[in-house]
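# What the coordinates show
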Amino acid sequence: MCGIVGYIGKSAAPSILINGLRRLEYRGYDSAGLAIVEDGKIIVAKAPGKVVSLSDRARDTWPTERFSQVSYGIAHTRWATHGPPTEVNAHPHLDQSGDIALVHNGIIENYRSLRARLEAKGHLFLSETDTEVLSHLIGDRYDGNLFQAVCDALHQVEGTFGIAVISVKEPGKIITARRGSPIVLGIGEGETIIASDAAAILTHTQRVIYLDDNDIAIVTADSIEIRDLHNVPVNREVAELDFDSSAAEKGGFAHFMLKEIHEQPESLRNAIRGRLDFNLGSSVLSGMGTSPRDLAEINRVVLVGCGTSLHSGLIGEYAFEDLADTHAEVQQAAEFRYRNPIISRSDLVIAISQSGETADTLAAVREANQKGAFVMGLCNVVGSTIARETGRGIYLHAGPEISVASTKAFTCQVTVLLMMALKMGRSRRFSRQEGMDFARQIEAIPALVEQVILQNDHIAAVAERYAKNEHAFFIGRGPLYPVALEGALKLKEISYIHAEGYHAAELKHGPIALLENGTLVIALANDIPGKDKTLGNVEECKARGARILGIITAGDHEAAEIMDDVIEIPACHPLVATIPTAVALQLLAYHIANIRGCEIDQPRNLAKSVTVE
Ligand code: M6R
């Protein structure tokens, strides 16, 4: 989604800003822009499309020799919400006087009424954006003190924001603030970097400060002063980034997605390391913050998330029921706060989010907290808003995920959920021996995934046979049903093939009407309970001319015979099988998208972290 970079220091700001935007490209965006102050004037360069277009535009605006003279500025990648991705709608936006420039992530919900008020005072707006209203509002409030003007303006806005603001009247200073949209400040030697994502900071410094909601900071090259919106100073800790900059490189792979798929054995080992106790037949998850007695008292587990994280929650639902005899249910984070969720103090609410910034999941966390539930986060990004607001939870340790399509975060989410269910299971029905057996199954997950990745060439060959299909149906049962949903999501988001996931039994209740000669059906027919019924559903599809790609257990000749093509998954526990099966589907989606020439790491219209509702 939108990205912010601000720089103030001793180096040439335009190139640092553009390089910072490049580091944020993975988040998804459709236009870019930057603003600097030169000779007492704000100069803006903007371009629709990619950062490379902005870079060309900036070079036209400032000949190289002038680059080095500019020591501060702000920049932005925009993911269009209000108005199409045109040059005029791209950020930064100026105030009426042209002296103040602003970049903004988030949404100003009451922008229409604010705009009408400002128009009545004679303000002229050039763009369709909500953001331009905020820049005008700041200009309208400006009375010689930029900090105060920003504060006053922010008191009037409803919605979410992460912003950075400069003014020609107060050179050498950037004002930045957040509410519901992250801002990180990187503390360098005689330079400060402002960003919406640490990825834009790590080449400069590892020392960062995360702003909290309603914090507003005055930033110079060598000072950071943070206050709240009532002008009261606040203290925020300096944290060290735990981020290996090689994670932001493709490391010889054609795409980040392929790299991240291949990283899974390692990321899964990191997610598991030190968290299994074979003696007790349980898991050690200190972040859960509950004693076995507390766990035994949990009445119900509610899992919330969006997209891929919702799908891992659906697998978690099976795991808590099967392993821990606990009532579990998944709720779409986007619906949670709008439907009077019945939540009590004995409920454990698990918010699942790779980025830890997804607006809907964050809102669900706040609602669950409000209702007094025991709330935990399952996040990948350390220090993210959901991780901080839940206060307790478990990090995935999957490592930075750059590709918009989530892969390694998903398999780590499922693995951590299995460990949580194991721990809860031991406080309830699981014997020590059963716990030990299941812990061994979890320990084997990285090796199972390795065996699937070894089939990469075979999966690429299978992809060749199906890459021209325009429709695909994924079917599965039991814990493989959510994997069918996830397989369909992965395929549609990166290849743009119309793909749907169904419970295998559901197909004949409607979707089967769509099957015709050559329609692709991907049947998750691993040898787990219900397999025979899935094979029956496959026969129904074949009878209507569908071509069947079977994901089956290695050596299952009976299943193989029915299928047109197969990908084999090593035999394992049904819950564990979800993970290598998902990896096979990730590779399949990747190769199909690659054959179709799609822009795999940044699919059209998508953003890596969805910070708007
Ligand atoms: O960061 P989150 O896990 O909260 O993100 C949730 C979804 O936006 C995300 O999983 C999305 O569905 C991905 N594009 C899936 O690949």
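Criteria and cut-off values
Residues numbered from 1 in each chain as written. Predicted model: local features only at pLDDT ≥ 70, side-chain atom pairs only at ≥ 80, totals over all residues. Heavy atoms only, no water. Helix = DSSP H or I, 4+ residues; strand = E, 2+ residues; numbered from the N terminus. Rg over C-alpha atoms; globule rule 2.2 N^0.38 Å. Buried < 20%, exposed > 50% of the residue type's maximum accessible area, 1.4 Å probe, protein only. Contact = heavy atoms within 4.5 Å. Near = heavy atom within 4 Å. Polar contact = N/O pair within 3.5 Å; in protein donor to acceptor, adjacent residues only side chain to side chain. Areas by Shrake-Rupley, 256 points an atom, 1.4 Å probe, with all protein chains shown as cover. 1 Å grid on protein atoms, 1.4 Å probe; cavity = no way out; pocket = protein on both sides within 12 Å on 5 of 7 lines; lining within 4 Å. Sits in = over half its atoms within 2 Å of the grid points. Nonpolar A, V, L, I, M, F, W, Y, C, P; charged D, E, K, R; others polar. Domains from an automatic or database assignment. Points joined across faces, edges and corners; volume = space filled by probe spheres on them. Expected span 1.5 Å × (residues − 1). Salt bridge = Lys/Arg side-chain N within 4 Å of Asp/Glu carboxyl O. Core = buried A, V, L, I, M, F, W, Y, C linked by side-chain atoms within 4.5 Å. Pairing = 2+ DSSP bridges. Axes fitted to C-alpha atoms, helices over the stretch in contact; angles between N-to-C directions.

With that out of the way, let us pick up the overall build of the protein chain. Tallying secondary structure elements over the protein chain gives 21 helices and 26 strands in all. Relative to a compact globule of 613 residues, whose C-alpha radius of gyration would be 25 Å, the protein chain shows 25 Å and is just as compact. Principal-axis analysis of the C-alpha atoms places the extent of the protein chain at approximately 75 × 55 × 45 Å. When burial is assessed residue by residue, the protein chain has 61% of its 613 residues classed as buried.

The next point concerns the environment of Met 420. In this fold, Met 420 is placed in helix 14 (residues 408-426). Distance from Met 420 to Ser 282, taken between C-alpha atoms, is 9.1 Å for residues 138 residues apart in sequence. Those residues in contact with Met 420 that sit more than four places away from it in its chain are Leu 285, Met 288, Phe 320, Ile 350, Met 376, Leu 378 and Ile 394.

Right, let's talk about the site of the ligand for a bit. Near the ligand, the surroundings consist of 15 residues, among which Ser 309, Ser 353, Ser 355, Thr 358 and Glu 493 are the closest. Measuring from an oxygen atom of the ligand, one finds a backbone N or O atom of Ser 406 at 2.8 Å. With the chains in place, 91% of the 410 Å² that the ligand exposes on its own is no longer accessible. Judged by the fraction of its atoms near the pocket grid, the ligand is located in the second largest pocket. For the shell around the ligand, the elements supplying multiple residues, two or more each, are helix 10 (307-324) and helix 18 (480-495). Taken together, the residues that form the shell around the ligand break down as five nonpolar, eight polar and two charged. For the shell around the ligand, the domains that each give at least three residues are domain 2 (254-443) and domain 3 (445-604).

Moving on, we come to helix 5 (residues 131-141). In terms of residue burial, helix 5 counts as a mostly covered element, since nine of its 11 residues are buried. Buried residues of helix 5: Thr 131, Glu 132, Val 133, Leu 134, Ser 135, His 136, Leu 137, Ile 138 and Gly 139, and no others. Looking at the buried side of helix 5, the elements it contacts are strand 5 (93-94), strand 6 (100-105), helix 4 (111-120), helix 6 (146-156) and strand 7 (161-167).

Attention now goes to the side chain of Thr 308. With respect to the secondary-structure elements, Thr 308 resides in helix 10. A polar side-chain atom of Thr 308 sits 3.0 Å from a polar atom in the side chain of Glu 486. One polar contact links Thr 308 to Lys 490, side chain to side chain, over a distance of 3.1 Å. The contacts of Thr 308, once residues within four sequence positions are left out, are Ser 406, Phe 410, Gln 413, Glu 486, Leu 489 and Lys 490.

Empty space within the second largest pocket amounts to approximately 580 Å³. Lining the second largest pocket are 29 residues; nearest its centre among them are Cys 306, Gly 307, Thr 308, Ala 607 and Val 610. When contributions to the lining of the second largest pocket are tallied by element, the ones reaching two or more residues are helix 10, strand 19 (347-353), helix 12 (359-370) and helix 18. Looking at which element gives the most residues to the lining of the second largest pocket, the answer is helix 10, with five residues. Residues of the lining of the second largest pocket, tallied by class, amount to 11 nonpolar, 13 polar and five charged. Looking at the lining of the second largest pocket, you find at least three residues from each of domain 2 (254-443) and domain 3 (445-604).

Our focus in this paragraph is helix 14. With 19 residues, helix 14 extends 27 Å from end C-alpha to end C-alpha; this agrees with the ideal 27 Å at 1.5 Å per step. Of all 19 residues making up helix 14, 18 are buried, and the element is well covered by its neighbours.

What the domain assignment reports for the protein chain is domain 1 (3-247), domain 2 (254-443) and domain 3 (445-604). When each unit is reduced to the centre of its C-alpha atoms, the spacing between domain 2 and domain 3 is 25 Å. Taken together, the 35 residues of domain 2 in the interface contact 34 residues of domain 3. Inspection of the region where domain 2 meets domain 3 yields one salt bridge.

Further remarks concern the nonpolar core. With 93 residues, the main nonpolar core has Phe 320, Ile 350, Leu 418 and Met 420 as its most contacted residues. Among the elements that line this core, the one with the most residues is helix 21 (residues 574-595), at 14 residues. Of the domains in this structure, domain 2 (254-443) and domain 3 (445-604) are the two that each give at least three residues to this core. In this structure Phe 320 touches Val 301, Leu 303, Asp 325, Thr 326, Ala 328, Ile 350, Leu 417, Met 420, Ala 421 and Met 424, once residues within four positions along its chain are discounted. In this structure, Leu 17, Leu 24, Ala 45 and Val 70 belong to the second largest nonpolar core, which totals 33 residues.

Spatially, 5-6-7-8-12-13 is the arrangement adopted by the six strands of the open sheet, whose pairing is antiparallel. Lying at the two open borders of the sheet, with one neighbouring strand each, are strand 5 and strand 13 (224-228). Here helix 5 sits on the sheet and contacts strand 5, strand 6 and strand 7; the angle it forms with strand 6, its principal contact strand, is near 140°.

This part takes up the pattern of salt bridges. Evaluation of the coordinates by the stated rule reveals 32 salt bridges. Arg 300 is the partner of Asp 347 in a salt bridge, and the nearest nitrogen-oxygen pair spans 2.9 Å. Of this pair, Asp 347 sits in strand 19 while Arg 300 sits in strand 17 (residues 300-305), and the two are 47 residues apart along the sequence. On the basis of relative accessible area, Arg 300 is assigned to the buried category, the value being 12%. Between Glu 401 and Lys 608 there is a salt bridge, with its nearest N and O atoms 2.6 Å apart. Of this pair, Glu 401 sits in the loop between strand 21 (393-395) and helix 14 while Lys 608 sits in the segment after helix 21, and the two are 207 residues apart along the sequence. Here the two residues Glu 401 and Lys 608 agree in accessibility, since each one is buried. One salt-bridge network, held together by shared partners, links Arg 178, Asp 213, Arg 366 and Glu 389.

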